[in-house]
Every structure is written in structure tokens, then in C-alpha cells.
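# Breakdown of the fold
These are the residues of each chain, in order.
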Amino acid sequence: ANPRHLDAESLRDSMLAIAGRLDFQRPLGSQIGELGEGRPGSESRLDDSVTYRSVYLPIVRDEILDSLEVFDFPDANQTSAQRQQSIVPTQALYLMNNEFVTTQAMAMATRLESEFSSSARQIEEAFLMVYGRPATGSELAASEDFFATFDWEGSLTPSADGGASSGGRKGKGKAKGGGKGRDGVGRAAPLAKPKNEALAVFCQTLMASARFRILN
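Note that this is a predicted model, so its numbers are computed, not measured.

### Topic: the confidence of the model for the protein
For the protein, mean pLDDT is 80; residues scoring 70 or higher make up 76% of the total. When the elements of the protein are averaged for pLDDT, strand S3 (residues 164–166) gives the smallest value, 49, and helix H6 (residues 119–131) the largest, 96. This stretch, residues 165–181, has a pLDDT under 50; its non-local contacts, to residues over four places away or in other chains, come to 60 contacts.

Quick look at the structure:
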């Protein structure tokens, strides 16, 4: 069959799921209710860091969340019979730089560290989580080379509200988590920083790949 792109909602939910943070409960409140009446302004943007399913995200005509808009979400100002599929630089830049993505990568790395002690097993399980298949021999060799030569001056540092700042990489939104202890609209406790920052960067690399975004 012809390869097809994951739609925006599935892509967002998949990143949360492999990070172990997807909250299947329906949110009890609405961000729109928190913002009050009127059009959301620059000081009161909708929060893309909530961890419930994307089907429950608020859709405001003039304020579509980045995680949806960048990946061909329909224009909320008009009727759309079919979604378009595009491959544009903004999609790659989002996956490389946005704080929502770096946060899920950090959570995935922490999850791998807690479940598997050996680095070789962590690499194997990362491929299974992201691609749904075992890594090939060439992929394992390339992964081992990456960890052997990894040298990065940045750092992954959980912020006070649970977001992940990543050296020089910046993105909109503040990732606050989901699941236990969440409030009515899906926020929860901050994340723990993974012991191996290279593993978090490796996880983000898998998430940003075409093999994750495109179903073959």
C-alpha cells in the first residue's frame, strides 16, 4: 500500500504513549473555561502540554495548537472534506525544537532507564516502542556509534512547571504532564531528569524520523 502520514492527533498521542504519559481519562475541565471570555491573547495562549488524548483538545478558530496546525490539521474557519498531506520544513523544525517533543523524549528516556538496566536493551526497546519492530543490524550499529561519539554542550533540565528545556533548543508551551495527580484539564507533577541525556536525545531522534511519522 502507499505510505501515509499519521494525522496530527495520532502523532501527538503516539509521542505521549511511547513516553508513558498518555492519559486516557476524559478531562474534567476546559482550557477555554480557564481563559474566560474573548479571544485568547499572547499572554493567555492555549496550553499544548496537557497529556490527555488529542480528541479532547480545544479547537479555537484563531488559535490552533502548534502540535495540530503544523501537521495538516484542517482549517477551523471552513469546512474541509479531506485533509491534505504535506512534507514541509516546519514539521521537521517542530520535532527538533518544540518543548512538547523534548519533554516526551525525556520521559521516554526515563521510562527506558527505569525498566531496562543495560544500554543495549534500552536501544532495542526504544526501536520497538517507536517503530513497532526490532531494530535492524545497521540501525543498531548506527545507534552504538551515536552513543560512543555523543558530545553535546546542552542539557535537558526539567523546569519548575514540568517542562523540559534543552540547551539552545526552544519551543512554545510548557509540558506539565498527565496521569496521577493531574488537575481538571490534565496537568500533573513535573518530570524527573533522565540519568543519560544522550538517551533522551536518541529518543527524540527516533520520534523526529520519517519512519515514525509515515506509515509504510
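The rest of the description comes next.
### Remarks on the pattern of salt bridges
In this structure the tally under the stated criterion is six salt bridges. Of the charged contacts, one joins Glu-9 and Arg-83 as a salt bridge, the two residues approaching to 2.8 Å between their closest N and O atoms. A residue pair is termed long-range when its members are at least 10 positions apart, and Glu-9 in helix H1 (residues 8–18) and Arg-83 in the loop between helix H3 (66–69) and helix H4 (89–97) qualify at 74 residues. Classification of Glu-9 as buried rests on a relative accessible area of 18%. Arg-12 is the salt-bridge partner of Asp-13, the closest N and O atoms lying 3.8 Å from each other. By the burial criterion, Asp-13 is buried, and Arg-12 matches it. One continuous salt-bridge network, built from bridges that share partners, spans Arg-133, Glu-139 and Arg-211.

### Details of helix H8 (residues 197–207)
Taking burial as the measure, the 11 residues of H8 include 10 buried ones, the bulk of the element. Buried within H8 we find Glu-197, Ala-198, Leu-199, Ala-200, Val-201, Phe-202, Cys-203, Gln-204, Leu-206 and Met-207.

### Quick word on the packing of aromatic side chains
According to the stated counting rule, one finds seven aromatic pairs in the structure shown. Ring geometry for Phe-71 against Tyr-94: centres 5.6 Å apart, planes inclined by 85°, an arrangement best described as edge-to-face. One end of the pair, Phe-71, is in the loop between H3 and H4; the other, Tyr-94, is in helix H4, and 23 residues separate them in sequence. Like Phe-71, the residue Tyr-94 is buried in the burial classification. Judged by centre distance (5.6 Å) and plane angle (65°), the ring pair of Phe-127 and Tyr-131 falls under edge-to-face. With Phe-127 and Tyr-131 both in helix H6, this residue pair falls four residues apart, about one helical turn. Residue class for Phe-127 comes out buried when judged on its relative accessible area of 4%. Tyr-131 sits in the buried class, given a relative accessible area of 17%.

### Digging into the packing of helix H5 (residues 99–115) against H6
Each pair of packed helices gets described by two things: the angle between the helix axes and the distance between those axes. At a minimum axis distance of 10 Å, the contact between H5 and H6 shows a crossing angle of 130°. The angle between the axes of H5 and H6 places the two elements in the oblique class. Seen from above, H5 lies across H6 with right-handed handedness. Contact residues: H5 offers Met-108, Arg-111, Leu-112, Glu-113 and Glu-115, while H6 offers Gln-122, Glu-125, Ala-126, Met-129 and Val-130. In the contact of H5 with H6, the residues fall into five nonpolar, one polar and four charged.

Scoring rules and cut-offs
Residues numbered from 1 in each chain as written. Predicted model: local features only at pLDDT ≥ 70, side-chain atom pairs only at ≥ 80, totals over all residues. Heavy atoms only, no water. pLDDT = per-residue confidence, 0-100. Helix = DSSP H or I, 4+ residues; strand = E, 2+ residues; numbered from the N terminus. Contact = heavy atoms within 4.5 Å. Salt bridge = Lys/Arg side-chain N within 4 Å of Asp/Glu carboxyl O. Buried < 20%, exposed > 50% of the residue type's maximum accessible area, 1.4 Å probe, protein only. Phe/Tyr/Trp six-rings, centres within 6.5 Å; stacked < 30°, edge-to-face > 60°. Axes fitted to C-alpha atoms, helices over the stretch in contact; angles between N-to-C directions. Parallel < 35°, antiparallel > 145°, perpendicular 65-115°, else oblique. Left-handed = near helix turned anticlockwise from the far one by under 90°. Nonpolar A, V, L, I, M, F, W, Y, C, P; charged D, E, K, R; others polar.

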